[in-house]
Amino acid sequence: MIFRLLIYLQLLVFNYSFSIAKDPYPKNKNIDIINYAFSLHLNDNDDIIDGKAIIDLKIKSKDVKNLRFDLISINDNKKGMIISDVSFNGAGVSFKHTNNELKIDLSNVEVLKNNKVRINYKGIPITGLIIGSNKYGDRTFFSDNWPNKARNWLPLVDHPYDKATCEFIITAPNHYQVISNGLLIEETNLENGFKLTHWKQSVPISCWLFAIGVAEFAVQYVDIFEGKSIQTWVYKQDRIKGFYDFEVPTKEAMQFFSDYVGPFAYEKLANVQSNSVGGGMEAATSIFYGDNSVTGTRSVRWRNVIIHEVAHQWFGNCVTEDDWDDVWLSEGFATYFTLMFREHAYGRDDFVKGLTNSKKQVYKFYDNNKYYTIVHNNLSDMKDVTTGYIYQKGAWILHMLRNYIGNKAFKDGIRSYYKNNFNSITNTSSFKEEMENASNMDLTIFFNQWLYSGGNIILDGHWSYNRKDRKIIINLEQVQNDGYLFEMPLEIGVFYENEILPKFEEIKLKPGAIEFAINSDKEPINLILDPNIKLLAEWNFEKK
Ligand SMILES: [Zn+2]
């Protein structure tokens with residue numbers, strides 16, 4: 001009876017919630033990775049990395065008969081990784097490494113609750129760890145895992161859903177310095193001209209956020225935020241310019257996100273110049289910026305990249321999408337919280353400039369992608385995991401939500417969402433629930449039309465003044481012609497002669513042509529749609 005009731009309740013819940021989209025990764029919720037410790041030997045004679053992975057994991061079911069990890073196999077060009085041996089709780093086990101998958105057979109070993117897997121491997125990474133010259137011709141090693149390239153140099157569960165702590169124990173020629181996630185545990189000169197550097201990340205993160213950088217760096221301990229070190233790591237040639245550029249605005253951004261969203265989750269925050277990325281990469285506690293990020297001018301473009309990557313430490317890194325279908329929870333949020341910091345630090349005009357620019361990019365992409373949805377519908381190809389559209393329209397959706405439910409409910413909802421998913425994984429439905437609880441509103445239509453459907457609003461209309469009835473008559477219609485129609489409030493500014501401030505009116509957009517009348521004793525000189533930049537829409541609107 002209880003069983004049947006449960007099924008009934010589940011059906012009921014399912015009908016009133018969104019269908020759960022899933023990317024195709026073979027998740028195994030019976031296995032929980034606790035810690036990865038990667039020991040990597042790097043050298044200057046060739047690009048072979050010699051690796052040992054020790055993986056601590058919990059196995060939650062007796063039905064687990066094998067373990068599966070991602071690791072790119074060796075290809076015809078002799079690049080990729082070869083595994084020499086694998087052990088499980090100290091004993092050798094049989095394994096198969098084919099088609100970029102490592103499968104470890106557990107049928108003949110005793111499986112405990114807490115287990116230790118050890119994998120010895122070596123090879124030349126095809127990608128994922130970029131070994132080569134930086135812009136000064138110096139040899140460097142920089143990781144580039146996004147979104148699923150970690151498997152090129154590390155054996156792991158290469159998907160965000162299973163967060164783990166990590167350690168990197170790097171031995172490299174002693175002219176290099178090594179940066180990685182978390183805190184520096186050890187740095188020792190070995191006798192043969194090599195140096196051992198051990199970094200330990202004690203807060204669990206998704207593996208696209210694992211990072212190492214090995215180069216001849218200039219390193220500055222810039223500041224402290226709530227007891228945690230803020231650091232700059234740039235190429236030694238860029239010492240003066242790089243220290244200048246990265247001195248701001250990391251601390252200010254950390255302060256703002258801490259105050260608005262909730263506490264910073266990690267142990268330090270380093271800004272790192274690297275040649276493995278073009279723009280920025282939010283690796284937890286060690287953010288990477290492209291070769292050309294150091295300009296010595298504190299350029300606005302790179303300033304905004306810094307804010308975006310710092311915002312990711314809260315959204316994407318600390319609170320993480322459990323599926324690539326929900327990647328907007330990372331990129332849309334980092335993009336909008338960058339705008340919110342700009343509003344806070346540089347003022348309303350800079351915020352509006354960002355929103356306007358973002359809207360332009362949305363409509364440019366939309367022109368050729370009318371049915372594209374922000375939450376993916378069972379993403380099958382990882383090359384499609386994000387587009388600029390997810391960043392920009394994702395940001396706009398948060399902006400509209402903030403205006404729709406009000407500043408206070410928005411902030412309360414964000415704080416609760418962050419707190420309840422701290423260092424964990426989540427999805428769009430939970431975010432919706434948090435925002436509904438905070439606002440006491442049903443947001444089903446809002447989430448459906450903006451996140452799970454395609455389309456965008458394009459309005460066509462006009463206004464006129466009826467002198468006899470003393471009314472302004474507004475006619476509007478959604479003409480996007482993409483099959484989608486929206487329900488949203490639209491603010492209208494009514495401007496009169498010799499009055500600086502307009503009178504604000506709100507109308508409700510809905511499917512079909514709408515006519516709306518505003519009482520007005522005198523004829524306005526102009527009507528402006530959305531004067532406070534609250535709605536993602538384009539329009540053609542004139543006086544008739
Ligand atoms: Zn981002």
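Residues numbered from 1 in each chain as written. Predicted model: local features only at pLDDT ≥ 70, side-chain atom pairs only at ≥ 80, totals over all residues. Heavy atoms only, no water.

1. Details of the sheet that holds strand β29 (residues 537-543)
- With mixed pairing, the 4 strands of this open sheet are ordered in space as β27-β24-β23-β29. Bordering the open sheet on either side are β27 (514-519) and β29, each of which pairs with just one other strand. When strand polarity is set aside, the average angle formed by the axes of neighbouring strands in this sheet is 20 degrees.
- Where strand β23 (residues 457-466) meets β29, 7 bridges bridge the pair, whose relative direction is parallel. Each bridged residue has a counterpart across the sheet, and for Ile457 the counterpart in β29 is Ala537.
- In the packing of helix α6 (residues 348-368) onto the sheet, contacts are made with β23 and β29, and the angle to β29 comes to roughly 100 degrees. (Pairing = 2+ DSSP bridges. Helix = DSSP H or I, 4+ residues; strand = E, 2+ residues; numbered from the N terminus. Axes fitted to C-alpha atoms, helices over the stretch in contact; angles between N-to-C directions. Contact = heavy atoms within 4.5 Å.)

2. A closer look at the packing of helix α3 (residues 250-260) against helix α8 (residues 407-420)
- Between α3 and α8, the least distance of the axes is 9 Å, while the angle of their chain directions is 95 degrees. Taken as axis vectors, α3 and α8 run roughly perpendicular relative to one another. Contacts from Ser258, Asp259 and Tyr260 of α3 reach α8 at Asn407, Phe410, Lys411, Ile414 and Arg415.
- A breakdown of the residues in the contact of α3 with α8 according to their chemical character gives 3 nonpolar, 2 polar and 3 charged. (Parallel < 35°, antiparallel > 145°, perpendicular 65-115°, else oblique. Nonpolar A, V, L, I, M, F, W, Y, C, P; charged D, E, K, R; others polar.)

3. Concerning the coordination of the zinc ion
- All of the protein donors around the zinc ion are His308 (NE2), His312 (NE2) and Glu331 (OE); their distances to the metal are 2.0 to 2.1 Å.
- By relative accessible area, which is 2% here, Glu331 ends up buried. (Donors = N, O, S within 2.8 Å, 3.2 Å for Na, K, Ca; no water. Buried < 20%, exposed > 50% of the residue type's maximum accessible area, 1.4 Å probe, protein only.)

4. Structural notes on the environment of Leu42
- Topologically, Leu42 is positioned in the loop between β1 (31-41) and β2 (49-59).
- It is 9.3 Å that separates the C-alpha atoms of Leu42 and Val214, two residues lying 172 residues apart in sequence.

5. With respect to the pattern of salt bridges
- In total, this model carries 29 salt bridges according to the counting rule given.
- One salt bridge in this structure joins Asp144 and Lys149, with 3.5 Å as the shortest N-O distance.
- By relative accessible area, Asp144 is classed as buried at 13%.
- A salt bridge links Lys383 to Asp384, with the nearest nitrogen and oxygen atoms 3.6 Å apart.
- Beyond isolated ion pairs, a larger network of salt bridges with shared partners links Arg68, Asp70, Glu101, Lys103, Arg151 and Asp158. (Salt bridge = Lys/Arg side-chain N within 4 Å of Asp/Glu carboxyl O.)

6. Some remarks on the environment of Trp314
- In this structure, Trp314 sits in helix α4 (residues 300-314).
- Judged by its relative accessible area of 0%, Trp314 is buried.
- Between the C-alpha atoms of Trp314 and Lys62, which are 252 residues apart in sequence, the distance is 36 Å.
- Not counting chain neighbours up to four residues away, the residues in contact with Trp314 comprise Met254, Phe257, Ser258, Val261, Gly262, Pro263, Phe264, Val319 and Tyr418.

7. Comments concerning the layout of surface pockets
- In this structure, the largest pocket spans a volume of roughly 720 Å³.
- Taken together, 27 residues make up the lining of the largest pocket; nearest its centre are Asn304, Val305, His308, Tyr391 and Gln392.
- Elements represented by at least two residues in the lining of the largest pocket include exactly β19 (280-281), α4, α5 (328-346), α6 and α7 (388-405).
- No other element matches the 7 residues that α4 contributes to the lining of the largest pocket.
- For the lining of the largest pocket, the per-class residue count stands at 7 nonpolar, 13 polar and 7 charged.
- Counted as a void, the second largest pocket has a volume near 240 Å³. (1 Å grid on protein atoms, 1.4 Å probe; cavity = no way out; pocket = protein on both sides within 12 Å on 5 of 7 lines; lining within 4 Å. Points joined across faces, edges and corners; volume = space filled by probe spheres on them.)

8. Concerning the confidence of the model for the protein
- Chain-level pLDDT for the protein is 95 on average; 96% of the residues reach the 70-or-more range.
- Note that residues 1-18 has pLDDT below 50 and, in this model, 7 contacts with residues that lie over four places away or in other chains. (pLDDT = per-residue confidence, 0-100.)

9. Comments concerning empty space enclosed by the protein
- Scanning the entire structure with this criterion turns up 1 cavity of 30 Å³ or more.
- Forming the boundary of the largest cavity are Ser143, Asp144, Asn145, Trp208, Phe210, Ala211, Met281, Ala283 and Phe288.
- Of the residues contributing to the lining of the largest cavity, the split by class is 6 nonpolar, 2 polar and 1 charged.

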